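# Working through the structure, step by step
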Amino acid sequence: MPSVDIIVPVYNEQDVLPLFVERIKEVMQDCNVSWRVIFVDDGSSDDSLNQMKDIHEQESRFGYLALSRNFGKEYALTAGLDHASADAAVVIDVDLQDPPELIPDMIAHWHQGYDVVYATRKARHGESLAKKATASWFYRIINSMSKIDIPKDTGDYRLMSRKAYTAVNKLRERNRFMKGLFAWVGFKQKQLYFEREPRAAGETKWNYGKLWRFALDGITSFSYLPLRFATWIGMFVAIFAFLYGAVIIGKTLILGNDVPGYPSLMVVILFLGGIQLTALGIIGEYLGRMFNESKQRPLYLVDEYQPPE
Ligand code: UDP
Ligand code: MG
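Let me sum up the structure you'll find in this document. (Residues numbered from 1 in each chain as written. Chains lettered and ligands numbered in written order. Predicted model: local features only at pLDDT ≥ 70, side-chain atom pairs only at ≥ 80, totals over all residues. Heavy atoms only, no water.)

## Some words on the side chain of His56
Here His56 shows up in helix α2 (residues 48-58). You can call His56 buried: its relative accessible area is 11%. Not counting chain neighbours up to four residues away, the residues in contact with His56 comprise Phe62, Gly63, Tyr64, Gln306 and Pro307. (Helix = DSSP H or I, 4+ residues; strand = E, 2+ residues; numbered from the N terminus. Buried < 20%, exposed > 50% of the residue type's maximum accessible area, 1.4 Å probe, protein only. Contact = heavy atoms within 4.5 Å.)

So this is what it looks like as structure tokens:
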């Protein structure tokens, strides 16, 4: 029988963990595969880890991997995938926003020969107009900037064959934009659609600050277009300044100097200052990430691992 490892990142999800276990058991009992669950405890400070231990006691096919602190979802996923060993791995959120009912479908497509089966949400229920708009812009920007195609409205929820997930595991960059990494590895990919449900319980860990950083991570790790953009603006301004300089010199030679405008001077200084600071900022974003990469720290640290059986 083919085997499937289900990787579930968990951060302070005590309210929803039991619900998840029930749902996943219900769905998986009809699947003709041998399956296991690896919970990755991403440094939860509530009762989540204790619950995982209890769940493991009762049913050994639920294992858990406890990280030493909160590293963030991308790292929790990485840790989980590093510990997967089945023929395929499914990555799913614990909050039941990714309906487990889709897994049999994913498995069916995997049997048909697809290496990656990912789930794209049809609609974003219960999300503000602003969030929908920013998400849509984000996909448009990142896809126009980078050569790889990141599917719109697609989270991490997906099934990957062993071939695909070992390929992802080989990418050890510290700046981990998982959607990008998943898309980068390629292989035969299949898109499924689903309705994303509201959270079953608990609260989202995202806010606008985090989303902004996430977007920057995504763009900087898959495109250096912003750097090139800075070069283009710099060149454009330089050419313009040179021409303007020639005009001023010519004017002074012919008409003499009548102490021309302070306003135009101020505008030029402010404009150039603004552009320079922006360009420096862009360089800084990349430099900071290089700094992080160059330290070569491990991506995560494991406190305790109880493999599922
Ligand atoms: N999560 C995690 N570490 C974090 C934040 C979140 O492992 O630092 C997990 C969380 O427990 C959940 C999944 O990542 O299983 C998605 O988180 P959330 O529901 O907050 O994100 P959203 O669905 O709102 O995008
Ligand atoms: Mg969620």
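Okay, back to it.
## Structural notes on the coordination of the magnesium ion (ligand 2)
The protein atoms that coordinate the magnesium ion (ligand 2) are Asp95 (OD) and Gln97 (OE1), at distances spanning 1.9 Å. Assigned by exposure class, Asp95 and Gln97 land together as buried. (Donors = N, O, S within 2.8 Å, 3.2 Å for Na, K, Ca; no water.)

## A word on the site of ligand 1
Taken together, 17 residues form the shell around ligand 1, and within it Glu13, Asp42, Asp95, Gln97 and Thr204 come nearest. Backbone polar atom of Pro9 to an oxygen atom of ligand 1: 2.8 Å apart, as the coordinates give it. Between ligand 1 and Gln97 there is a distance of 2.7 Å, counted from an oxygen atom to a side-chain nitrogen or oxygen. Look at ligand 1: alone it shows 530 Å² of surface, and the protein chains cover 91% of it. Its residues assigned to classes, the shell around ligand 1 shows five nonpolar, four polar and eight charged. (Near = heavy atom within 4 Å. Polar contact = N/O pair within 3.5 Å; in protein donor to acceptor, adjacent residues only side chain to side chain. Areas by Shrake-Rupley, 256 points an atom, 1.4 Å probe, with all protein chains shown as cover. Nonpolar A, V, L, I, M, F, W, Y, C, P; charged D, E, K, R; others polar.)

## Things to note about helix α9 (residues 225-255)
For α9, which comprises 31 residues, the first-to-last C-alpha distance of 44 Å matches the rise-based estimate of 45 Å (1.5 Å per residue) to within 8%. Residues of α9 that are buried in the fold lie against α5 (129-145), α8 (208-222) and α10 (262-294). Positive phi shows up at Gly256, right after α9, with a value of about 80 degrees. (Expected span 1.5 Å × (residues − 1).)

## Regarding the environment of Tyr118
Looking at where Tyr118 falls in the secondary structure, it is placed in strand β5 (residues 116-124). When the C-alpha atoms of Tyr118 and Lys190 are compared, they prove to be 6.3 Å apart, with 72 residues separating the residues in sequence. In this view, Tyr118 contacts Pro151, Thr154, Tyr157, Arg158, Gln189, Lys190, Gln191 and Leu192; residues no more than four positions away in its chain are not counted.

## Remarks on the side chain of Asp42
Here Asp42 is to be found in the loop between β2 (34-41) and α2. The side chain of Asp42 is buried and forms no salt bridge, while Arg69, the nearest opposite charge, is found at 7.0 Å. Among the polar contacts made by the side chain of Asp42, one reaches the main-chain amide nitrogen of Phe71 at a distance of 2.7 Å. (Lys, Arg positive; Asp, Glu negative; His and termini not counted. Salt bridge = Lys/Arg side-chain N within 4 Å of Asp/Glu carboxyl O.)

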